[in-house]
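The lines below spell out each chain.
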Number of protein chains: 2
Amino acid sequence: MAELNNLKGPNLYPRRKPVNPSQWGVAAPCSSEQFKSDDNKHKPLAKQWHHYLSIESANRMPSSLKHVVTHLQDPHVISLGGGIPSADFIPFEEITFRPLSPISSGSQDRKALSTVKTTLYATKHDITEGASIYDLTTALNYGQGCGSAQFLRWVTEHTEMVHNPPYADWRCSMTIGNTSALDMCLHMLAQQGDCVLTEKYTFSTAIEMAQPLGLNFIGLEMDHEGILPESLSEVLSNWNPELHGNARKPFLLYTIPTGQNPTGTTQSFQRRQAVYQVAREHDLLILEDDPYYFLQMNEYASSNEGHSGTGIRSLEDLFMNLIPSYLRIDTDGRVIRMDSFSKVISPGARLGWITACQQIIERFQFHTDVSTQSPSGLSQLAFFKLLDDYWGHAGYVKWLIHLRNEYTKRRNVLISACEKHLPKDVISWEPTHAGMFQWFEIDWQKHPNASHKSLHLLEEEIWEESIFAGTLLCKGSWFCASARKGTDRIFYRATFAAAPLHKIEEAIGRLGKALRKAFRLEEDITF
Amino acid sequence: MAELNNLKGPNLYPRRKPVNPSQWGVAAPCSSEQFKSDDNKHKPLAKQWHHYLSIESANRMPSSLKHVVTHLQDPHVISLGGGIPSADFIPFEEITFRPLSPISSGSQDRKALSTVKTTLYATKHDITEGASIYDLTTALNYGQGCGSAQFLRWVTEHTEMVHNPPYADWRCSMTIGNTSALDMCLHMLAQQGDCVLTEKYTFSTAIEMAQPLGLNFIGLEMDHEGILPESLSEVLSNWNPELHGNARKPFLLYTIPTGQNPTGTTQSFQRRQAVYQVAREHDLLILEDDPYYFLQMNEYASSNEGHSGTGIRSLEDLFMNLIPSYLRIDTDGRVIRMDSFSKVISPGARLGWITACQQIIERFQFHTDVSTQSPSGLSQLAFFKLLDDYWGHAGYVKWLIHLRNEYTKRRNVLISACEKHLPKDVISWEPTHAGMFQWFEIDWQKHPNASHKSLHLLEEEIWEESIFAGTLLCKGSWFCASARKGTDRIFYRATFAAAPLHKIEEAIGRLGKALRKAFRLEEDITF
C-alpha cells in the first residue's frame with residue numbers, strides 16, 4: 001500500500017495518465033482500462049467464464065444509442081444522432097456542496113471540523129472554461145452505463161490501491177448500489193431453478209430478490225468467522241440434484257465477507273484463502289458483497305467503552321489492519337466484487353461499483369445500458385467533487401479511519417450496554433468486529449411457552465414485546481437463506497449505526513426489560 | 001384544467017392535505033394515496049389485472065427491511081433495526097442550487113433570465129429546524145422504492161392536474177427513468193416467449209432490452225399518426241400461435257404516443273381512442289411511454305422559421321393544445337404510463353415516475369425495493385427544491401411552454417434546412433409535430449448500387465458517408481421492432497435537440513452533400 005504515501009502533498013495524482021479532452025464529454029464512452037496503472041500489464045489474464053453466462057446475458061448486444069456517441073470523439077462531427085437535450089434546456093445553472101473536511105487521523109473533535117467552510121461548486125461551463133473536467137452540462141445529461149469517465153477514474157484508482165487484483169484484465173463499472181448490482185449479477189449468471197450458495201443467514205433483500213427469480217439459496221454452516229469452508233466443500237462434493245429439484249451443481253457463492261449482514265461475522269484472511277481454495281476446486285464464481293469493508297474494528301474489550309480503542313492513527317496503520325478482500329487474492333478472475341458508498345458516504349446517492357474481469361464487466365454494462373442507464377449524474381458530480389477534487393485518495397482514507405473509530409465507539413457502547421442490561425440467561429452474543437450489526441441468539445427453550453408455541457410465534461412475540469418497550473430490532477428469520485427449511489433457533493439483529501449514540505444504552509435497557517417480561521424473569525437482577 | 005388557475009399567487013398549494021410530520025422522515029413509507037384529491041373517491045375502481053402478472057412478479061413479497069421502517073412512525077421507538085447510518089457519517093453539510101427562473105410565457109430573452117440569482121439550498125438540519133420538509137439528512141439516507149414522500153407528492157399532484165385518471169385507485173411511484181421502468185414492467189408482465197405489440201419502428205433500447213429476455217416485439221403498421229388500430233386489431237383477431245413459436249395471444253401494447261421515437265409521429269386524440277377501443281376488445285394492457293408529452297408543437301409551415309410559431313402564451317393555451325394521454329381516457333386502469341424528466345429537466349438526474357392502478361404499482365414497488373432501491377436522493381432533492389419550493393406547478397408549466405417554443409423553433413430550423421439543402425429526389429420526410437426526432441426515408445432504389453448491394457449495406461454506406469461529411473444520424477434499422485424480419489426500406493433518424501441551434505443548418509447541408517455523393521447526383525442543383 002506504499003502507493004498511498006505518494007498521494008500526499010499538492011500533487012495528489014502523480015501516476016495519472018494524460019487523457020484526450022473528449023474523454024470528459026457528454027455520455028463519452030470510457031473504460032477502467034484508461035485509468036489503470038501500467039503495473040497491470042505484467043499480470044496474467046483472467047480465466048474464461050463465458051460458460052457460466054445465462055442465456056439472457058449471452059444474448060445481450062451493445063446498445064446502439066450508447067455506442068453511437070463514440071462518433072462524437074471527432075469534434076468536427078455535428079450530432080443529429082442521440083436525443084441528448086441541449087444544456088440550455090436544463091434549468092440548473094450552478095450547484096455547490098459544503099462538505100466536511102477530511103478528518104485528521106485520530107481527531108475526535110467534530111465541532112471544530114464543522115467550522116471548515118470549503119465550498120465545492122460546479123456550473124454548466126466549467127469544462128469549456130477549463131475550470132474543471134466535470135460540470136453540470138455533463139453531469140445532468142445522459143451518461144454511459146459504466147458511469148462518468150471522471151468518477152470512474154477515481155474508483156479505478158481506489159480499487160487498484162486497496163485491492164490490486166492479481167490479474168491483468170480487471171475492470172470497474174459504476175452501479176446504483178450493491179442491491180441493484182447483485183440483481184443484475186443474478187440475471188447475468190443464474191437461470192431459473194439454479195441454487196446459489198451463501199451464508200446460512202444473509203442479507204434479507206438478497207433472499208427476497210432471488211426467490212421470485214426462481215433461484216434457491218442454500219445456506220452454508222457458519223462459525224464466528226462466517227462461512228465454513230468444510231460446509232462449502234461438503235455441499236459441492238456431495239451434490240445430489242434430486243434433493244434440489246434437479247438443479248445443476250452450484251457455481252455461484254454469494255458472500256458478505258466483512259461484518260456480515262446479519263450475523264456481523266468477519267472472515268479472517270486464512271478463512272478467505274480456504275474458501276477461495278474450495279472455489280477453485282469446484283470452479284465457483286464468488287459474488288463478494290462488501291459494503292462494510294472499511295468498517296473493520298479491533299476486538300472488543302470491556303474497558304474500551306467510549307474510546308475509539310482501535311489504535312488506528314495513520315494510513316499505514318489502517319492498511320496493516322484491513323483483512324485482504326477476495327478480489328485481492330483472486331488470481332483467476334473468479335471474484336465479482338461489489339463495493340458501495342452507502343455505508344461510508346451516503347446511501348441516498350445510490351452509488352457503488354463492481355469490479356470483475358473484462359468478460360463479466362462487458363455483460364454487466366450491456367445490461368446497465370438498457371436498464372438503469374447510469375447512476376445519477378448529480379450523485380456522481382457530488383462524489384467527484386468531494387473525493388477527487390477535494391479530499392483526494394489520502395483524504396478519503398482519513399475519513400475511513402474516522403468512520404472506523406466512530407463505529408468502534410458505537411459498537412463498544414452497545415456491547416457495554418448489553419453486558420449491563422441484558423439477561424444473559426436467555427440471550428447471548430459475540431461482539432461483532434466489523435460493520436453495523438450485532439447478532440443475538442435467544443435461548444427460546446427457557447421461554448414459558450416454549451413447549452406449546454411455534455418458534456415462529458415466539459420470535460414474533462418477543463419482537464413485538466421489544467417494540468412495545470420502545471426498541472426496534474430485526475427478526476432473524478428474515479435473514480434465513482433457506483427459507484423453506486426454517487430454523488430451530490431464534491436470533492435478532494441489532495444495529496448500532498442508526499440511533500443517536502446516547503440512545504443506544506437506553507434501547508438495550510428496554511430490550512432487557514422486554515426480555516425479562518417475555519421470559520418472566522425477576523426485574524431486579526441487573527436493571 | 002381549471003385547477004391550474006388556482007395555483008397562481010402566494011398560496012400555490014391550496015388543496016394540499018395536512019400530513020403527519022413523521023411522513024417526512026428517513027425512508028418513511030408513503031403512497032400517492034395520501035396526496036390525491038378527494039375528487040378521486042367518487043370514481044370507479046380499476047379492473048383486476050392479476051391474471052397478467054408473470055410468475056416472477058406474482059411471487060414477490062414486500063421487503064422486510066423497507067417495511068420495518070413503518071415502526072419508526074412512533075417517535076418513542078429507538079431504532080436498532082435498519083442499517084441506516086447516522087447523519088453525522090454523511091460528509092455533506094449543505095447543498096445549493098442556482099436554477100433558472102420559471103420563464104415568463106412567451107419570453108425569448110434567455111440572457112435576461114440568467115441574471116436571476118435565486119439560490120435554493122438544503123442543509124442537514126432543515127427538517128428539525130422547521131426550515132423545510134426535505135433536507136440532506138433525509139435525501140442522503142436510504143429511501144423507499146416509491147421515492148421520497150416529499151417529491152412523490154408533487155408528482156402525484158402534477159399527474160392529477162394533467163392526466164386526471166378516470167378511475168379511483170391510481171397511484172404513482174418514482175422511477176429512475178423510463179428505460180428502467182419499462183425493464184421492470186416487462187419483468188412484471190411478460191414471460192419468456194411472449195410477444196409484445198409495438199410500433200413497427202420503436203425505441204432501440206426497448207428492443208435491445210426485450211430480446212435477451214426472450215420476448216418478441218411485433219411491429220404494427222403505422223401512418224403519419226403512428227400505430228394503425230386496424231393493424232392492431234388484425235394481429236389480435238387472427239392470432240395464430242404457430243406462426244409465433246406457440247406464443248400466447250399478446251396482451252401488452254408498448255407505445256410511444258407523442259413524438260414517437262424514432263418516427264416522430266404523434267397519435268391524435270381520435271387515434272388514441274380507436275387504439276384504446278381495440279385494447280378493450282382484446283383486453284390489452286397499454287405501456288404508455290411518453291417522455292415527449294410536453295414537446296408537442298403546432299404544424300410546420302415554412303414561414304415559421306426562426307419564430308416560435310405556436311401561439312402558446314398561457315397555461316390555458318397549452319392545455320387546450322395538448323392531446324390527452326392514454327392515462328386520461330383510461331376508464332379501466334389498463335394503462336401503465338411512464339413519465340420521465342429526462343427530456344424536460346435533466347436526463348442525468350435519472351428521475352421519472354410510473355402511474356397505474358394500485359395492483360400494478362404494488363408489484364412494481366416490491367421489485368424496486370429489492371433492485372434499484374430508490375432514485376438518487378440528491379436528484380430528488382434538487383427537483384423538489386426546483387419544482388415544489390421554487391417554481392410550483394404553475395412555474396413548471398411556464399417552463400414547459402418555454403421548452404415547447406424552443407423545440408418548435410429548432411424543428412422549424414431543421415425542416416427549413418431540409419427544404420433548402422436535401423435532394424428531394426432521394427430523401428423524403430413529413431415534418432414532425434412533437435418530440436425531438438425527424439424521420440427520413442431514402443429512396444434506395446435510385447442508388448447506383450441498388451441492384452447488387454443489400455439494403456443493410458446501402459444503409460451502412462450512406463450512414464458512413466454522412467459521418468464522413470460531418471453529420472451523425474441514427475440508422476433506421478436500429479429501431480426495427482421485428483429485427484429478424486428485416487425491412488425493405490431505408491430510414492434515418494435525426495434529432496434537432498442536441499446540436500447548437502446555429503449548427504443545425506450546417507449539419508443538414510453536410511447530409512445533403514453526402515447524399516448527393518452517395519447517389520452521384522449533380523452538386524449544383526440546390527446547394
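Just so it is clear, the structure is predicted and the values come from calculations on it, not from any experiment. (Residues numbered from 1 in each chain as written. Chains lettered and ligands numbered in written order. Predicted model: local features only at pLDDT ≥ 70, side-chain atom pairs only at ≥ 80, totals over all residues. Heavy atoms only, no water.)

J.: Lay out the relation of the copies chain A and chain B with the relevant residues and their values.
T.: Aligned on chain B, chain A shows an RMSD of 0.0 Å; the corresponding rotation is 180° and the shift along the axis is 0.0 Å. Viewed as a symmetry operation, the transformation between the two copies matches a two-fold axis. Measuring from the rotation axis to each C-alpha of chain A, the shortest distance belongs to threonine 96 of chain A, at 2.5 Å. Both copies share a contact surface, since 100% of the interface residues of chain A are interface residues in chain B too. (Least-squares fit on C-alpha atoms with pLDDT ≥ 70 in both. Contact = heavy atoms within 4.5 Å.)

J.: Break down the environment of proline 165 of chain B for me, with residues and values.
T.: All names here are of chain B. Summarising the element assignment, proline 165 is placed in the loop between α5 (149-162) and β4 (170-175). When the C-alpha atoms of proline 165 and valine 68 are compared, they prove to be 32 Å apart, with 97 residues separating the residues in sequence. Setting aside anything within four residues of it in sequence, one finds proline 165 in contact with Asn40, Lys43, Thr159, Trp170 and Leu327. (Helix = DSSP H or I, 4+ residues; strand = E, 2+ residues; numbered from the N terminus.)

J.: Which residues make up the nonpolar core, and what values go with them?
T.: Counting residues in hydrophobic clusters, the biggest one holds 288 residues, and the most contacted among them are Phe341 and Ile345 of chain A together with Phe341 and Ile345 of chain B. Setting aside residues no more than four positions away along its own chain, phenylalanine 341 of chain B makes contact with Phe151, Trp154, Val155, Ser346, Leu351, Gly352, Trp353, Phe383, Leu387 and Tyr396 of chain B. (Core = buried A, V, L, I, M, F, W, Y, C linked by side-chain atoms within 4.5 Å. Buried < 20%, exposed > 50% of the residue type's maximum accessible area, 1.4 Å probe, protein only.)

J.: Kindly report on the sheet that holds β4 of chain B, identifying the contributing residues and their values.
T.: All names here are of chain B. Taken in spatial order, the seven strands of this open sheet run β4-β12-β11-β10-β9-β5-β6, and their pairing is mixed. In the strand order of this sheet, the two ends are held by β4 and β6 (216-220), each with one partner. Neighbour-to-neighbour, the strand axes of this sheet turn through a mean angle of 20°, independent of strand direction. In the sheet, strand β5 (residues 195-199) pairs with β6 via five bridges, with the strands oriented parallel. Among the inter-strand pairings, valine 196 is bridged to a residue of β6, identified as phenylalanine 217. The sheet contacts of helix α8 (residues 229-237) involve β5, β6 and β9 (252-255), and relative to β6 the element is tilted by about 135°. (Pairing = 2+ DSSP bridges. Axes fitted to C-alpha atoms, helices over the stretch in contact; angles between N-to-C directions.)

J.: Give me the environment of glutamine 192 of chain A: which residues, what numbers.
T.: Residues and elements named next belong to chain A. Considering the arrangement of structural elements, one finds glutamine 192 in the loop between α6 (178-189) and β5 (195-199). The spatial distance from the C-alpha of glutamine 192 to the C-alpha of glycine 177 is 24 Å, given a sequence separation of 15 residues. Setting aside residues up to four positions removed in sequence, glutamine 192 forms contacts with Leu213, Gly214 and Leu215.

J.: Account for the interface of chain A and chain B, naming residues and giving values.
T.: Opposite the 104 residues of chain A that make contact, chain B presents 105 residues. Each partner contributes to the roughly 9,000 Å² buried at the junction of chain A and chain B, and carbon and sulfur atoms together form 61% of this total. The largest per-residue losses of area from chain A upon contact with chain B belong to Leu80, Phe89 and Leu472 of chain A, which jointly make up 10% of the total buried on that side. Between the two partners, chain A and chain B, sit one salt bridge. Where chain A packs against chain B, one counts 44 residue pairs in polar contact (both at pLDDT 80 or more). For the side of chain A that touches chain B, a count of residues per class yields 55 nonpolar, 31 polar and 18 charged. Both strand β1 (residues 78-79) of chain A and strand β15 (residues 471-472) of chain B contribute to a ladder of two bridges, which runs parallel. Bridge pairing in β15 of chain B links isoleucine 78 of chain A to threonine 471 of chain B. (Buried area = accessible area lost by both parts, 1.4 Å probe. Salt bridge = Lys/Arg side-chain N within 4 Å of Asp/Glu carboxyl O. Polar contact = N/O pair within 3.5 Å; in protein donor to acceptor, adjacent residues only side chain to side chain. Nonpolar A, V, L, I, M, F, W, Y, C, P; charged D, E, K, R; others polar.)

J.: Can you lay out the domain arrangement of chain A for me, pointing to particular residues and giving the numbers?
T.: All names here are of chain A. Domain parsing of chain A yields domain 1 (1-399) and domain 2 (422-518). Centre-to-centre, using C-alpha coordinates, domain 1 lies 32 Å away from domain 2. Of the residues lining the interface, 29 residues belong to domain 1; the matching set on domain 2 comes to 20 residues. Across the domain 1/domain 2 interface, buried area totals approximately 1,900 Å², and carbon plus sulfur atoms make up 61% of it. For domain 1, the biggest contributors to the area lost against domain 2 are Tyr201, Pro262 and Met297; these three give 30% of the whole. Our enumeration of links across domain 1 and domain 2 arrives at zero salt bridges. Linking domain 1 with domain 2 are eight residue pairs in polar contact (both at pLDDT 80 or more), by the criterion used here. Breaking the side of domain 1 that touches domain 2 down by element, the ones donating at least two residues are β5, α7 (204-210) and β6 (216-220). Of all the elements, β6 adds the most residues to the side of domain 1 that touches domain 2, at four residues. Residues that form the side of domain 1 that touches domain 2 fall into these classes: ten nonpolar, 15 polar and four charged. (Domains from an automatic or database assignment.)

J.: Let's hear about the side chain of serine 37 of chain B: which residues, and what values?
T.: Residues and elements named next belong to chain B. If you trace the backbone, serine 37 turns up in the segment before α1 (55-58). One polar contact links serine 37 to glutamate 160, side chain to side chain, over a distance of 2.4 Å. With residues near it in sequence (within four places) discarded, serine 37 still touches Arg15 and Glu160.

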